[in-house]
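# Breakdown of the fold
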Amino acid sequence: MEFRTEIVISLRNKRAYIAYAGLVIAASSLLLVFIPSLNDYIPYVFGTGIAVVVIGALIARGDVRNYGLSGEELVITTEGIKVGALFYPMKMVNGMDFNVEAYAGMYVNDGAMISGSNSDGMTNLLKFESGGASVECGFYLDSKQQVQQLGLLFDTFYQLHVPFIERNRNTRTYMLRVLSERELEEFRSKYKYS
């Protein structure tokens, strides 16, 4: 079984720095509350900050994210993990931890926005240790079908008793689902975990 996807890297749009500066200006207006003689300037500083955020977002053409696709691949098999050009044999991999949040286009309501939004599929993360080094790799999920392919890999790992953790943020999952106590017992029975 093989799972193949693109790697997500930290990638700042240099034009987005203007929008970030606007956030700092708007936030600094809160500091003016503690200086009574400058209370009259609070709305002006806050308004300037918001205007700079909007102008920065327009200059950045709306792309203010701090990550993007690297063009390299992440390939995971029962034999090992390939991150770009580096291969880590599964025998040398410890503490494998998958954080699977969403695929591109999936509706998510994480509390950041009242109405929720569609995910870009780039907030997934794989962490593990190999040869004493800690490896962290963001990965892209482009569709529900690709998530199902990852689920098939997890199924293979469970059958072979490959040690790993899967989760969605801080919630532990099994086969990409949060299980009830009864479902967890059925899961343990199916995969022969005590």
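Preceding this section is the structure that the text describes.
Keep in mind that what you see is a predicted model, and the values were worked out from it rather than measured.

In this section: the pattern of salt bridges. Evaluated as defined, the whole model comprises seven salt bridges. For the salt bridge of Arg169 with Glu101, the shortest nitrogen-to-oxygen distance reads 3.3 Å. With Arg169 in the loop between strand S10 (164-168) and strand S11 (171-173) and Glu101 in the loop between strand S5 (93-99) and strand S6 (107-108), this residue pair connects regions lying 68 residues apart in the sequence. Arg177 is the partner of Glu183 in a salt bridge, and the nearest nitrogen-oxygen pair spans 2.8 Å. A relative accessible area of 23% means that Glu183 is categorised as partly exposed. Judged by its relative accessible area of 44%, Arg177 falls in the partly exposed class. Through salt bridges with shared partners, a single ionic network connects Glu2, Arg4 and Glu73.

For the rest of this paragraph, the subject is the pairing of S5. Burial within S5 is extensive, with five of its seven residues counted as buried. With five bridges joining them, S5 and strand S8 (residues 124-130) adopt antiparallel strand pairing. Across the sheet, Asn94 pairs through a bridge with Glu129, a residue of S8. Across four bridges, the pairing between S5 and S10 is parallel. Bridged to Phe98 within S10 is Glu166.

Rules behind the numbers
Residues numbered from 1 in each chain as written. Predicted model: local features only at pLDDT ≥ 70, side-chain atom pairs only at ≥ 80, totals over all residues. Heavy atoms only, no water. Salt bridge = Lys/Arg side-chain N within 4 Å of Asp/Glu carboxyl O. Helix = DSSP H or I, 4+ residues; strand = E, 2+ residues; numbered from the N terminus. Buried < 20%, exposed > 50% of the residue type's maximum accessible area, 1.4 Å probe, protein only. Pairing = 2+ DSSP bridges.

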